[in-house]
Amino acid sequence: MNSFMGAGALGTTMDDFNGDNYDFEKAGYIGGGGISCSNSGARPIQSHPTPHGTPSWGSEWKKAVVDNYDHATSVGNQGAVMAYRQNYLSLDPTYTDVFGRPLMRMTFDFQDNCSPSAPVSQI
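Overview of the structure. Since we're looking at a predicted model, the values are computed, not measured.

The rules behind each value
Residues numbered from 1 in each chain as written. Predicted model: local features only at pLDDT ≥ 70, side-chain atom pairs only at ≥ 80, totals over all residues. Heavy atoms only, no water. Phe/Tyr/Trp six-rings, centres within 6.5 Å; stacked < 30°, edge-to-face > 60°. Patch = residues over 30% accessible without salt bridge, like charges linked within 9 Å, V, L, I, M, F, W, Y side chains within 5 Å. Areas by Shrake-Rupley, 256 points an atom, 1.4 Å probe, with all protein chains shown as cover. Salt bridge = Lys/Arg side-chain N within 4 Å of Asp/Glu carboxyl O. Helix = DSSP H or I, 4+ residues; strand = E, 2+ residues; numbered from the N terminus. Polar contact = N/O pair within 3.5 Å; in protein donor to acceptor, adjacent residues only side chain to side chain. Pairing = 2+ DSSP bridges. Axes fitted to C-alpha atoms, helices over the stretch in contact; angles between N-to-C directions.

### What to know about the packing of aromatic side chains
So, step 1. According to the stated counting rule, one finds one aromatic pair in the structure shown.
So, step 2. On the numbers, 4.9 Å between centres and 85 degrees between planes, the contact of Phe108 with Phe110 is edge-to-face.

### Overview of a nonpolar patch on the surface
So, step 1. Among the surface-exposed residues, Val81, Leu89, Leu91, Met104, Met106, Phe108 and Phe110 lie close enough to one another that they form a single nonpolar patch of about 820 Å² accessible area.
So, step 2. Looking at the nonpolar patch, the elements with two or more residues in it are β4 (88–96) and β5 (102–107).
So, step 3. Along the polypeptide, Val81 turns up in the loop between β3 (74–79) and β4.

### Quick notes on the side chain of Asp92
So, step 1. Checked against the element boundaries, Asp92 lands in strand β4.
So, step 2. A polar contact of 2.9 Å, which involves the side chain of Asp92, links it to the backbone nitrogen of Tyr95.

### Looking at the sheet that holds strand β1 (residues 10–17)
So, step 1. Strands sit in the order β1-β2-β3 across an open sheet of three strands; the sheet is antiparallel. With one partner strand each, in any of the chains shown, β1 and β3 form the two edges of the open sheet. If you compare each strand with its neighbour and ignore which way they point, the axes differ by 20 degrees on average.
So, step 2. In this structure, strand β2 (residues 33–39) lies alongside β3, joined through six bridges in antiparallel fashion. Each bridged residue has a counterpart across the sheet, and for Ser38 the counterpart in β3 is Ser74.

Right, here's the structure in full:
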């Protein structure tokens with residue numbers, strides 16, 4: 001993968017599950033999202049991917065860094081969150097900024113983005 005080379009801002013996104021080009025009714029949920037992969041260069045002092053369970057220092061860690069440095073990448077996704085009455089913004093009654101003004105408070109909890117006609121077994 002030549003992670004050490006990087007391109008500054010190299011990436012791709014598969015946005016096939018977002019918008020009106022996907023049958024959400026059949027899938028049983030609403031909303032959508034994209035799947036992405038990017039590479040901005042794995043600088044050796046910053047990037048040292050190791051398998052789960054690898055010690056965080058010492059000779060075993062060093063060997064794992066060498067063995068895995070050019071064999072790892074990141075894959076991400078961004079999904080939709082629908083508007084629900086119980087998710088809202090308000091002014092915090094306790095916390096203020098340096099001028100004494102109330103800070104914004106977000107009240108949020110994830111909900112299932114289910115299609116209204118989805119069978120109960122899919123919810």
